[in-house]
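Structural overview
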Amino acid sequence: MQIATLSAAYPDHWRRACALRALTLDAVAAAGSGHVGLPLGMADVMTVLADKHLKFDAAHPGWPDRDRLVLSAGHGAMLLYAMLHLTGSPDMTLDQIKAFRQLGALTAGHPEHGLAQGIEATTGPLGQGLATAVGMAMAEEMLRARFGKRLVDHRTWVIAGDGCLMEGISHEAIALAGRQRLSRLVVLWDHNAITIDGAVDLADRTDQLARFAAAGWAVYDCDGHDPEDIDRVLGTARDAHMPTLIACRTHIGLGTAVQDTARAHGALTDPKMIAEAKAAYGWSHAPFDIPAPIRADWAAIGARAVPDRQAWEARLAALSAPRQREFARVMAGEPPQKLGPRISALKRQLGDEAPDMATRTASERVLEVVNPIMPETIGGSADLTASTHTRTGDLGDFTPDSRTGRHVHYGIREHAMAAAMNGMALHGGIRPYGGTFLAFADYARPAIRLASMMGLPVSFVLTHDSIGLGQDGPTHQPIEQLAGLRAQPNLNVFRPADTVETAEVWDLALRATATPSVLALSRQDLPTLRRTHRSANLSARGAYILAEAEGKRQAILLATGSEVAIAMAARDILHADGIGTRVVSMPCWELFEDQDDAYRRRILPAGPVRVAVEAAIRFGWDRWLYGERGRREKAGFVGMHGFGASAPAADLYDHFAITPRATAEKVHSLLRGKS
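Here the structure is a predicted model, which is why all the values come from computation and not from measurement.

1. A few points about the overall build of the chain
A count of helices and strands for the chain gives 27 helices and 18 strands. Over its C-alpha trace the chain gives a radius of gyration of 28 Å, about what one expects of a compact globule, namely 26 Å for 675 residues. Overall, the chain is about 95 × 55 × 45 Å in size when its C-alpha atoms are taken along their principal axes. The 675 residues of the chain split such that 61% are buried. Residue pairs in contact within the chain that sit at least 24 positions apart in sequence constitute 79% of those at least 6 positions apart. Between the centroid of the 71 positive side chains of the chain and the centroid of its 75 negative side chains there is a distance of 6 Å.

Below is the structure:
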């Protein structure tokens, strides 16, 4: 539909949509950078969506039963910011719009969850928002099954671009959504056939409608500038019994001199071109000036669902007090009071039993205690359930026919699994965890990174954490993954040494409020080292003295995970040689780094030689070896210096000299003054 026809046929709609366009042009011009193409092209879709279909109360953006709106094509951030501002979202003031992309503003270059209410997810890496929204839609299904439709009854809407659909994660995500028949998930595809390099067909000829249909989606298209056609198809999507893709045929950079070209994707800052675009819209107002009647229209849109919210609050208030408290608890992400005592009892039991047990199996033992008292936990794996031990017997499978199931078969889709778990955590009411092999964490890293950026308490269960997995060989043996994950800000990387530490780190992960957790767990059996019960969570400080030196302290051995047992055996050898040796278990570097200097000094005093033992690369260990009052000439490392090999685990540890004897010899060489 041409601009002249559109503005004449639907003048009220046109003015509201052009308010979004004008704010976009003004904000991008003021910033000197940004992306105008998508906001100008999708303004009509956003206007109809907000006006007639999106259930939200702008003045109460945290209302639990609101619809979720995810801008997967995050470069079009001004479309979301302008809508939030005009509808009256409390954080999104005009000053924030004017400060677009400036230091300290809530209006970052791509939407960032936590900066402003109404931003449901951090997006920008294309496809992530789409996959995250799949998790939100799954969370809605899970919570509706638990609490009922009177409390949980909303939809998840996604605005995605061609780039979102090209990224590989989209294939994983749409297949998962189709299999789960997530009928309350609607993707609005900005189908403008343009990418940064030029026409889409330079690089892609995929029939997206056929692709989505093959994955089990309902598919429709519409004129993305005709409000009646948009309204028609959005209404149709609401009645679908499967997830829905709507191809919104739009003109990128509508009304500008660069419409329908790659130039329209980015910043449009030329004053003449901006003036011409506004003239084409019939918009004669000063920059950032929205006439009062148009503001009133948008304010009414923002308040349209006030009666829905008030009715929901009345239904919540009518519930029994225990039911209200439980809903409030899970939505706030608070663990149940029973968690601490149950974990403590399990620690005592494991210490008494002292089993030789893989920490992946110990993890399952913990989950067997946790899952019955935390109905908000949702487990799953990337087709590795029997290997990662993420499914306890009480969970049941989450399927289209059983929404009360709490174990998700994600399929061989690490990337979508991690992003979907982010979506569940963002939605609220769910405490997700999911498993794969540590080596395959690389498939999930973009989503793990966003979990850290958003501060989401997601637990990534990453098993087969070293050469100890054995004969699957170097493709499956993680060497550099621990270092890479530890390099990421706001991520707790736990590598427990035995059954007791595994219980402790799970306790920490389940109590986290704004930090995701990695649990790196062994395939091979490990001895229980902590046999004397301590009610305190020793792992909570990141590192602690597992065994003190006998006699004069000459050496400190630092280790994580499966290599703590090696350090303990090396200590025995060194004590037999008359060398007093302390063993420090370091299940979480990040938590140890957070401790005050006095505690770190007590654990790592100056003087003794230090040797770190870990079946991974050395990268990062020097912080603890010759930082923290250590000395380079008195520090050594026993671990990996390249990729692994295919052989039984015991043979590999001998081959790579990660043994008690090699550790003891490293201490001797340092004491002799040889590194």
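After that view, the rundown keeps rolling.
2. Considering helix 19 (residues 441–454)
Between the first and last C-alpha of helix 19 there are 19 Å, a value that for 14 residues agrees with the 20 Å anticipated at 1.5 Å per step. All of the buried residues in helix 19 are A441, A444, A447, I448, L450, A451, S452 and M454. Positive backbone phi, approximately 70 degrees, marks G455, located one or two places after helix 19.

3. Let's talk about the pairing of strand 17 (residues 609–614)
Buried residues dominate strand 17, accounting for six of its six residues. Both faces of strand 17 are covered, namely the face carrying V609, V611 and V613 and the face carrying R610, A612 and E614. Note: strand 17 against strand 18 (residues 635–639), five bridges, orientation parallel. The residue of strand 18 that forms the bridge with V611 is G636.

4. Quick notes on the sheet that holds strand 10 (residues 431–437)
Strand order in the open sheet formed by six strands is 9-8-10-11-13-12, and the pairing between neighbours is parallel. Both outer strands of the open sheet, strand 9 (407–409) and strand 12 (492–494), are each paired with one neighbouring strand and no more. Strand-to-strand twist across the sheet, computed as the mean angle between neighbouring axes with direction ignored, equals 20 degrees. As paired strands, strand 11 (residues 459–463) and strand 13 (residues 517–520) are joined by four bridges and run parallel to one another. Its bridge partner lying in strand 13, S459 is registered against S517. Docked against the sheet, helix 21 (residues 499–511) engages strand 10, strand 11, strand 12 and strand 13, running at close to 160 degrees with respect to strand 13.

5. Some details on the environment of M142
Topologically, M142 is positioned in helix 6 (residues 128–147). Classification of M142 by relative accessible area gives buried; the value is 5%. With 22 residues separating them along the chain, M142 and C164 place their C-alpha atoms 26 Å apart. Not counting residues up to four positions away in its chain, the partners in contact with M142 are I378, F398, R403, V408, M424 and I430.

6. A short note on the sheet that holds strand 18
Taken together, the five strands give an open sheet; going across it, the order is 14-16-15-17-18, and neighbouring strands pair in mixed fashion. Looking along the sheet, the strands with just one partner apiece sit at the ends: strand 14 (544–547) and strand 18. In this sheet, neighbouring strand axes are inclined to one another by 30 degrees on average, regardless of whether the strands run parallel or antiparallel. Of the strand pairs in this sheet, strand 15 (residues 553–559) and strand 17 are connected by five bridges, and their pairing is parallel. Pairing of L557 across the sheet is with V611, part of strand 17. Against the sheet, helix 27 (residues 660–671) makes contact with strand 15, strand 17 and strand 18, and its axis sits at roughly 155 degrees relative to strand 17, the strand it touches most.

7. Quick look at the packing of aromatic side chains
The description of an aromatic ring pair rests on the distance of the ring centres and on the angle between the ring planes. One pass over the structure, following the stated rule, counts twelve aromatic pairs. Geometrically, the ring pair formed by F147 and F327 is edge-to-face, given 5.1 Å between the ring centres and 85 degrees between the ring planes. Placement of the pair is F147 in helix 6 and F327 in helix 14 (residues 321–332), with a sequence separation of 180 residues. F327 carries the same exposure label as F147, and that label is buried.

8. Describing the packing of helix 16 (residues 359–370) against helix 21
Look at helix 16 against helix 21: their axes get within 9 Å of each other, and the N-to-C directions meet at 50 degrees. Taken together, the axes of helix 16 and helix 21 lie oblique to each other. In the packing of helix 16 onto helix 21, the handedness of the crossing is right-handed. Contacts from T359, A362, S363, V366, L367 and V370 of helix 16 reach helix 21 at T499, T502, A503, W506 and L510. Per-class residue counts for the contact of helix 16 with helix 21 are seven nonpolar, four polar and no charged.

9. What to know about the environment of L151
Mapped onto the elements of the fold, L151 is located in the loop between helix 6 and strand 2 (156–160). With a relative accessible area of 3%, L151 lands in the buried category. Spatially, the C-alpha atom of L151 lies 41 Å from that of H464, the residues being 313 residues apart in sequence. If sequence neighbours within four positions are ignored, L151 has contacts with D65, W312, L316, L319 and F327.

10. Quick notes on the side chain of H154
Within the element layout of this structure, H154 appears in the loop between helix 6 and strand 2. Take H154: its relative accessible area is 2%, and that puts it in the buried class. Here R68 takes part through its side chain, which lies 3.5 Å from a polar atom of the side chain of H154. With residues near it in sequence (within four places) discarded, H154 still touches K55, P64, D65, R66, D67, R68, E140, R184 and H427.

11. Here we look at the state of the cysteines
Disulfide: a covalent bond formed between the sulfur atoms of two cysteine residues. This structure, assessed with the given rule, holds zero disulfides. C248 provides the cysteine sulfur closest to C222, a residue in no disulfide bond, and the two sulfurs are 4.0 Å apart. A relative accessible area of 0% places C222 in the buried class. For C248, a relative accessible area of 1% corresponds to the buried category.

12. Digging into the nonpolar core
Counting residues in each nonpolar core, the largest one holds 143 residues, and the members touching the most others are M83, M138 and L188. At eleven residues, helix 6 tops the list of elements feeding residues into this core. Not counting residues within four places of it along the chain, the set of residues in contact with M138 comprises L176, L182, F398, V408, Y410 and M424. Counting residues in each nonpolar core, the second largest holds 48 residues, with I467, I579, I658 and A664 among its members.

The rules behind the values
Residues numbered from 1 in each chain as written. Predicted model: local features only at pLDDT ≥ 70, side-chain atom pairs only at ≥ 80, totals over all residues. Heavy atoms only, no water. Helix = DSSP H or I, 4+ residues; strand = E, 2+ residues; numbered from the N terminus. Rg over C-alpha atoms; globule rule 2.2 N^0.38 Å. Buried < 20%, exposed > 50% of the residue type's maximum accessible area, 1.4 Å probe, protein only. Contact = heavy atoms within 4.5 Å. Lys, Arg positive; Asp, Glu negative; His and termini not counted. Charge placed at Lys NZ, Arg CZ, Asp CG, Glu CD. Expected span 1.5 Å × (residues − 1). Pairing = 2+ DSSP bridges. Axes fitted to C-alpha atoms, helices over the stretch in contact; angles between N-to-C directions. Phe/Tyr/Trp six-rings, centres within 6.5 Å; stacked < 30°, edge-to-face > 60°. Parallel < 35°, antiparallel > 145°, perpendicular 65-115°, else oblique. Left-handed = near helix turned anticlockwise from the far one by under 90°. Nonpolar A, V, L, I, M, F, W, Y, C, P; charged D, E, K, R; others polar. Polar contact = N/O pair within 3.5 Å; in protein donor to acceptor, adjacent residues only side chain to side chain. Disulfide = S-S within 2.5 Å. Core = buried A, V, L, I, M, F, W, Y, C linked by side-chain atoms within 4.5 Å.

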